[in-house]
Structures are given as C-alpha cells and as structure tokens.
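Chain by chain, the residues:
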Amino acid sequence: MLVLNCSTKLLILEKMLKSYFPESLKVYGAVMNMNRGNPFQKEVVVDSWPDFKAVITRRHKEAETDNLDHYSNAYAVFYKDVRAYQRLLEEHDVINWDQVLQIQGLQSELHDVSKAVANSKQLGVKLTSFKALQFFPHPLLPDTSFLKGSAPRLTYLNVADADLLNRTWSRGGNEQCLRYITKLISCFPSVCVRDDKGNPVSWSLTDQFATMCHGYTLPEHRRKGYSQLVFLTLARKLQSRGFPCQGNVLDDNTAFIGLLKNLHVEFLPCNYHRLILTPAAFSG
C-alpha cells in the first residue's frame, strides 16, 4: 500500500484515470478536487505505482472526523484488478473500520468484495445503486427568458440555505448531513433559483467527487422549467472549470429520468454503487 503525497504524481494520476472512463469517474473527480486546493482533505492510496491496479481516495488521517459522519467518511474506488482492491481492503490501516463510512464506485464487483470484507469485521452493509450518467452540455447559455423581472432569479446557494437542503434531502435530516451540505456549498459550484423573497425554490450542488447531487425543486414550484435550467447551468459551470459533468439518479425517479432523456444525457453502461457500512457499536 502506498499513499500518494507528491503533487506531481497526483497530476499524473489524474491524467491516467481519464483512460478508464467511465468506471474511474468518481475517483477522477476526487483527484481533480485534490489537485485544486483539496478542500475535503483527501489523499490517495494505491496498491503500487505507477502501474497501479487499485486506487482508493479517503480522508487524511489528520483530518477532524465524526465517527457517525458517513457523508465525509467517504471512500471512492477504482480498480483494474478486483483482487488488488480486495487486498487493499484487507490491509491494516487503509480503511477506518471503526467509523460509519461509505464506499462508492462504478464497478460491478464493488459490492460483493466490500461486503465480504466488511462482514468479516462485523460491519453491516447497506447498498444503494443508481443509474450513472454523463452530460456534455451545449456551449450556448440555457434559455432564461422565462425569468422576467427581479424574481425568480438564477443564482447560487450560500451556507444560509444549508438547513433547507438538509430538510429536503432524502439522505438528510441530521447534524452530520447539515455540516456536510454546508461544506459542499462553501467549497464547490452550485446553482439555484430564488423567489421574490430570496428563498431557494430549485437547486443542485456538487459533491466531493465532482458529481452533481441533490437536485431538488420545492413541490409548489415544479413544472416551471426550473429543474432543467438548474441542471444545465450547473453542468456548464462544471464544464467551464474542466470537470466532467456526471451525476446519478435512482431507477424509480421517473420524472427526473424523463427530464434527463429530453436533454440527451448519456446513461452510462455501469451503475453507481454506494455502500453505507456501520460498525456493530453504532448499529443500535
């Protein structure tokens, strides 16, 4: 196991990962953020260098952590050889198994291998799988002609909006999520539509893996074109900064899948898998 601390090696890794799209997209996004200020205090673990067979991104050991915060205790995985990934999992000190954590990636064996190792350490495992997508936005600006007057207006989120996002996110409603969303808003691109009182009514933001996430429109403001406008604007913002425009959507979110199809989004041949792992000490 090697930890890549050298900035030159991390830049080389970023370029190498592009050769393995789409399966490497999550790790690629994390490494891009590391090479651009590293606001989430990440580091990279590989089985070998430069001819790596498995890559894991994780929080710095020195970073302040909350053992219940699986949002921030997050690992992204890419492997060329699943056996190399399993060996990394089994090595001492690669994963902090004493925390509630998440492991995510875009490869089919991720769940079975991670679950086998986690179960051997008495951790419970919850899997959620999503359709993975990538989008190549048109260089022209999205149509904003229907936003007339001072409101509604297209802008970005600020940390004062974090409580609303925490309450409306299906994964939210807790202290850890509130802290995580606040950090995302502070560090990464976001877009929102605000009403005449300045309150967000539709929004999306970007996570630590450079993935568009938490796209949401308040029920009373749906069917007005806001979701499409927010999605397109955030995608263009990411594209202008050199990031891939990637996202995930649950299979049963038919309304958003329909919107994405109208935008000619590319649904990837691989699924996005997120595993939440919980030690027995926190499973009560």
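Residues numbered from 1 in each chain as written. Predicted model: local features only at pLDDT ≥ 70, side-chain atom pairs only at ≥ 80, totals over all residues. Heavy atoms only, no water.

- Per an unreviewed UniProt entry, the protein chain goes by the name Glycine N-acyltransferase-like protein and belongs to Mustela putorius furo.
- Database annotation for the protein chain, UniProt heading Sequence similarities (unreviewed entry): "Belongs to the glycine N-acyltransferase family." (UniProt positions renumbered as here; feature names shortened; annotations may be inferred.)

**Side note on the pattern of salt bridges**
In step 1: A complete count under the given rule lists ten salt bridges for this structure.
In step 2: When the shortest N-O distance is used, the salt bridge between Arg36 and Glu14 registers 3.1 Å. Taken together, the residues Arg36 in the loop between α2 (25–34) and β2 (42–46) and Glu14 in helix α1 (residues 7–17) connect sequence positions 22 residues apart.
In step 3: With a closest N to O distance of 3.6 Å, Lys131 and Asp251 form a salt bridge. With Lys131 in strand β6 (residues 123–135) and Asp251 in the loop between β11 (245–249) and α8 (254–262), this pair connects stretches of sequence that are 120 residues apart.
In step 4: One network of salt bridges, with partners in common, ties together Asp66, Asp69, Glu175 and Arg179. (Salt bridge = Lys/Arg side-chain N within 4 Å of Asp/Glu carboxyl O. Helix = DSSP H or I, 4+ residues; strand = E, 2+ residues; numbered from the N terminus.)

**Remarks on the environment of Val77**
In step 1: Mapped onto the secondary structure, Val77 falls in strand β4 (residues 74–79).
In step 2: The class for Val77 is buried, based on a relative accessible area of 2%.
In step 3: When the C-alpha positions of Val77 and Lys26 are compared, they lie 7.4 Å apart, and in sequence the two are 51 residues distant.
In step 4: Contact partners of Val77, with chain neighbours within four places excluded, come to Val27, Val55, Ile56, Tyr85, Ile103, Gln104, Gly105, Gln107 and Leu110. (Buried < 20%, exposed > 50% of the residue type's maximum accessible area, 1.4 Å probe, protein only. Contact = heavy atoms within 4.5 Å.)

**Considering the sheet that holds β6**
In step 1: Judged by pairing direction, the sheet is mixed, and its twelve strands sit side by side in the order β1-β2-β3-β4-β5-β12-β6-β11-β10-β9-β8-β7 without closing on themselves. Both outer strands of the open sheet, β1 (2–4) and β7 (153–155), are each paired with one neighbouring strand and no more. For this sheet, the mean inter-axis angle between neighbouring strands, taken without regard to orientation, is 25 degrees.
In step 2: Sheet topology note: the β6/β11 ladder contains five bridges and is antiparallel. Looking at β11, one finds that Lys131 is bridged to Val249.
In step 3: Each of β2, β3 (54–59), β4 and β5 (101–105) is contacted by helix α3 (residues 82–90), which is oriented at about 35 degrees to β3, the strand it contacts most. (Pairing = 2+ DSSP bridges. Axes fitted to C-alpha atoms, helices over the stretch in contact; angles between N-to-C directions.)

**A look at the packing of aromatic side chains**
In step 1: Counted by the stated rule, this structure contains eleven aromatic pairs.
In step 2: Taking 5.5 Å as the distance between ring centres and 35 degrees as the angle between the ring planes, the aromatic pair formed by Trp203 and Tyr216 counts as tilted. In this pair, Trp203 sits in strand β9 (residues 200–206) while Tyr216 sits in strand β10 (residues 211–217), placing the two residues 13 residues apart along the sequence.
In step 3: For Tyr216, a relative accessible area of 23% corresponds to the partly exposed category.
In step 4: Taken together, the aromatic side chains of Phe40, Tyr71, Tyr180 and Phe188 make up a single cluster linked through ring pairs.
In step 5: Between the NZ or CZ atom of Lys26 and the centre of the ring of Tyr272, over which it lies, the distance is 4.5 Å.
In step 6: Over the ring of Phe40 we find Lys183, and its NZ or CZ is 5.7 Å from the ring centre. (Phe/Tyr/Trp six-rings, centres within 6.5 Å; stacked < 30°, edge-to-face > 60°. Lys NZ or Arg CZ within 6 Å of the ring centre and 35° of its normal.)

**A closer look at the packing of α3 against helix α4 (residues 110–120)**
In step 1: The interhelical angle for the contact between α3 and α4, taken along N-to-C directions, is 25 degrees, at an axis separation of 10 Å. Taken together, the axis directions place α3 and α4 in an arrangement best described as roughly parallel. Judged by the sense of rotation from one axis to the other, the crossing of α3 with α4 is right-handed. Mapping the contact onto sequence places Val82, Tyr85, Gln86, Leu89 and Glu90 in α3 and Leu110, Val113, Ser114 and Val117 in α4.
In step 2: Grouping the amino acids of the contact of α3 with α4 by side-chain chemistry returns six nonpolar, two polar and one charged. (Parallel < 35°, antiparallel > 145°, perpendicular 65-115°, else oblique. Left-handed = near helix turned anticlockwise from the far one by under 90°. Nonpolar A, V, L, I, M, F, W, Y, C, P; charged D, E, K, R; others polar.)

**Quick word on the nonpolar core**
In step 1: Formed by 59 residues in total, the largest nonpolar core has its most connected members in Leu13, Leu17, Val44, Phe135 and Phe231.
In step 2: With eight residues, helix α7 (residues 226–240) is the single largest residue contributor to this core.
In step 3: Residues in contact with Phe231, not counting those within four places in the same chain, are Leu133, Phe135, Met212, Phe256, Leu260, Leu263 and Val265.
In step 4: Ranked by size, the runner-up nonpolar core spans 22 residues in total, among them Val45, Tyr85, Leu89 and Leu110. (Core = buried A, V, L, I, M, F, W, Y, C linked by side-chain atoms within 4.5 Å.)

**What about the pairing of β5?**
In step 1: Here β5 lies mainly inside the structure; five of its five residues are buried.
In step 2: Side chains Leu101, Ile103 and Gly105 project from β5 onto one buried face, and the interleaved Gln102 and Gln104 project onto a second face that is buried too.
In step 3: Bridge count for β4 against β5 is three bridges, and the pairing is parallel. By the bridge assignment, Tyr75 is partnered in β5 with Ile103.

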